[in-house]
Amino acid sequence: MALLAIAYLGGVLTILSPCILPILPFVFARAGQPFLRSTLPLLAGMAGTFAVVATLAAVGGRWAIEANIFGRGVALAFLAVFGVSLISPRIAAVLAQPIVDIGNRLQAASGSAHTAMSSLILGMATGLLWAPCAGPILGLVLTGAALQGANAGSTLLLFAYAAGAATSLAAALGLGGKILAGLKRSLGVSERIRQGLGVAVLAGVGTIALGLDTSLLTRLSYASTSAFEQAILDKIDIKTGAAMTFASTSASAGTGMLITRAQAQTPFRSNLPVEGSVPSLDGAVAWLNSPPLTAEQLRGKVVLVDFWTYSCINCIRTTPYLRAWASKYKDQGLVVLGVHAPEFAFEKQLGNVKQAIKDFGIEYPVAVDNDYRIWRAFRNNYWPAFYLIDARGKIRYHAFGEGDYGETEQAIQDLLREAGSDRAADTPVAPQAKGAEAGPDLAHIGSGETYLGYQRADHFVSAERLSPDASKDYSVASPGLNQWGLSGTWTVGAERAVLDKAGGGIAYRFAARDLHLVLGPAAAGKPVRFRVTVDGKAPGADHGADIDADGNGAVTQTRLYQLVRQAGPVEARNFEIRFLDPGAEAYVFTFG
């Protein structure tokens, strides 16, 4: 009961808020009419519609958003024609005769049989458009509704709030009716007053259509009423000791996440749209760093789903940010969930994925999605891909590829605050990435991803034509920019080129700061030694993280190897790798 009283009181106070201004013309258009047949149906329609719409918004599905947008559009159109009908019934008749008929009925005499119904319709349209400012009291109500979802308790609180607003509007209507009646009697300008109300109605429609009711007016309202509402809440809290029980202990079933009184009084609602509900996480062939997780188990947490594969350079460069976010926001309710969806066959081997997770220092849960069941459930098409899910299980944000880290972290902070975190937004993470994890030099990348398997090979310029799945001797002279070739005896398969005899090599002329090559050892796992040259010489200061200054390295596991990082000005260079042992597997060049 205490909460109902608080909600009702908060509604009463809305009459002091600038956010009430856009809907006043709709309400005052009925001023001077009988209370039971005009004012009461109007205010009941407004309060009831607001309570139902606000409750459905707690569900958060795309259908609710689209339905609300459609309903607001219809209401705006109806009220616009109603305003025109007040100014000039003739003009309105040309625009929309059926709606004008309703508008004329709204102006009908008090004895009309349609008065109550027309007032109810006007009230329902107003309820669809009313966007009250979220001061501390409404914040308390909306926080509970968002956490508990659509239920009778949430609807009752929202209706109590709307009823409070209706009460203060009824009092204002009574006073306004008397003033308008006095003006009509003393000045004899009934038609001018009606036209003035029509202009005011159109101004209200314009204000709402332009979004001013939820931007500038919201800020003004919060400044004008927040302190007063907060003082009332504090006073009630001291006297009863239990009036704020809902705000201090309420949580949706199974979330295990409490909302403190201070958080409930100053709720945060992110502007991130609802993109859909989180699909099933079933179908992973294994879970690493965690037992299998379900969408239901994660409800109440903010979840960042990352689709990745361990040899993808773009995925590798996002890893430092994922580790930093998982560490920084873990205690606030963030769960980073990696979904490893392989590109190559070797990435399906569980041992390889486990080793990659160890090498990258990944401690958050990873679902091994070898059959792409989670991938398809999300309808994903990219590596890497981020999907951010709120505490209610709704997808609210996505990002594909590298970059946008600041925007992604801001979205994380927003949804954590929306879920109840009291940590203020702060500076984004700035991980110190090394080796292949370091960000690319985008200004100087002149070479693109290049596959060596015949299924996707291009820009191949060895003297001999590429022969699929057959052992063959190749030779290459001087490839042009972004061309590559083989030398020695190789068998080129659909995904990879395999060296059959020691001494073979690969040449590539590239233009980028970094050159990477995904390599694997011999079939038996025996390491394969190699030597890299750049422009025919040892790389020296231009060596990558996986070789020394003399260009020496070894393929010990199937993964991405960073072979060149230009230390000086980025120029087009001739790269060559020559293998001292047979069995090397080469998959794809990438650059950074």
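Everything below is about the structure shown above.
Okay, so let's go over this structure. (Residues numbered from 1 in each chain as written. Predicted model: local features only at pLDDT ≥ 70, side-chain atom pairs only at ≥ 80, totals over all residues. Heavy atoms only, no water.)

**Thoughts on the overall build of the protein chain**
- Helix and strand content of the protein chain: 17 helices and 18 strands.
- Across the 592 residues that make up the protein chain, the buried fraction comes to 51%.
- Summarising the internal contacts of the protein chain: among those between residues at least 6 apart in sequence, 75% fall at separations of at least 24.
- Split by element, the accessible area of the protein chain, about 25,600 Å² in all, is 58% carbon and sulfur. (Helix = DSSP H or I, 4+ residues; strand = E, 2+ residues; numbered from the N terminus. Buried < 20%, exposed > 50% of the residue type's maximum accessible area, 1.4 Å probe, protein only. Contact = heavy atoms within 4.5 Å. Areas by Shrake-Rupley, 256 points an atom, 1.4 Å probe, with all protein chains shown as cover.)

**Describing helix 14 (residues 313-329)**
- Across its 17 residues, helix 14 extends 25 Å between first and last C-alpha, which sits within 8% of the 24 Å expected from 1.5 Å per residue.
- In the structure, helix 14 departs most strongly from a straight axis at Thr319, where the bend amounts to approximately 35° and where the proline Pro320 lies between one and four residues downstream.
- Of all 17 residues in helix 14, twelve are buried; the element is thus mostly enclosed. (Expected span 1.5 Å × (residues − 1). Bend = angle between axes of the 7 residues up to and from the residue.)

**Comments concerning the packing of aromatic side chains**
- Taken as a whole, this structure holds 27 aromatic pairs when the rule is applied.
- Centroid distance Tyr321 to Trp325: 6.1 Å. Interplanar angle 50°. Geometry classified as tilted. Taken together, the residues Tyr321 and Trp325, both in helix 14 and four residues apart, mark about one turn of the helix.
- When the ring of Tyr382 is compared with that of Phe400, the centres are 4.5 Å apart and the planes differ by 25°; the resulting orientation is stacked. Of this pair, Tyr382 sits in the loop between helix 16 (373-377) and strand 6 (385-389) while Phe400 sits in strand 7 (residues 394-400), placing them 18 residues apart in sequence.
- The class of Phe400 is partly exposed, set by a relative accessible area of 36%.
- Among the aromatic residues, ring-to-ring pairing joins Phe307, Tyr372, Trp375, Phe378, Tyr382, Trp383, Tyr387 and Phe400 into one connected group.
- For Arg456, the ring lying beneath its charged end belongs to Tyr451, and the centroid distance is 3.8 Å. (Phe/Tyr/Trp six-rings, centres within 6.5 Å; stacked < 30°, edge-to-face > 60°. Lys NZ or Arg CZ within 6 Å of the ring centre and 35° of its normal.)

**Some words on the nonpolar core**
- Grouped together as the largest cluster of nonpolar side chains are 45 residues, with contacts concentrated most on Leu304, Trp308, Trp325, Leu334, Leu388 and Ile412.
- Here this core takes seven residues from helix 14, the largest share from any one element.
- Excluding its chain neighbours within four sequence positions, the residues that come into contact with Leu388 are Val302, Val303, Leu304, Lys394, Ile395, Arg396, Tyr397, Thr408, Ala411, Ile412 and Leu415.
- Among the nonpolar cores identified, the runner-up in size contains 32 residues, and Trp490, Ala497, Ile506 and Ile577 belong to it. (Core = buried A, V, L, I, M, F, W, Y, C linked by side-chain atoms within 4.5 Å.)

**Quick word on a nonpolar patch on the surface**
- On the surface, Phe35, Leu36 and Leu40 cluster together to form a nonpolar patch covering roughly 310 Å² of accessible area.
- Considering the arrangement of structural elements, one finds Leu40 in helix 3 (residues 35-59). (Patch = residues over 30% accessible without salt bridge, like charges linked within 9 Å, V, L, I, M, F, W, Y side chains within 5 Å. Salt bridge = Lys/Arg side-chain N within 4 Å of Asp/Glu carboxyl O.)

**Brief notes about empty space enclosed by the protein**
- Evaluation of the coordinates by the stated rule reveals four cavities of 30 Å³ or more.
- Its boundaries defined by the atoms lining it, the second largest cavity holds a volume of some 70 Å³.
- As for the second largest cavity, its lining consists of Val278, Leu281, Ala295, Leu298, Arg299, Val303, Val305, Ile389, Asp390 and Gly393.
- By residue class, the composition of the lining of the second largest cavity is seven nonpolar, one polar and two charged. (1 Å grid on protein atoms, 1.4 Å probe; cavity = no way out; pocket = protein on both sides within 12 Å on 5 of 7 lines; lining within 4 Å. Points joined across faces, edges and corners; volume = space filled by probe spheres on them. Nonpolar A, V, L, I, M, F, W, Y, C, P; charged D, E, K, R; others polar.)

**A few points about the sheet that holds strand 5 (residues 366-368)**
- The sheet built from seven strands is open, its strands ordered 1-7-6-3-4-5-2 with mixed pairing. Of all strands in the sheet, those bounded by a partner on one side alone are strand 1 (276-277) and strand 2 (286-288).
- Note: strand 6 against strand 7, five bridges, orientation antiparallel. Bridged to Tyr387 within strand 7 is His398. (Pairing = 2+ DSSP bridges.)

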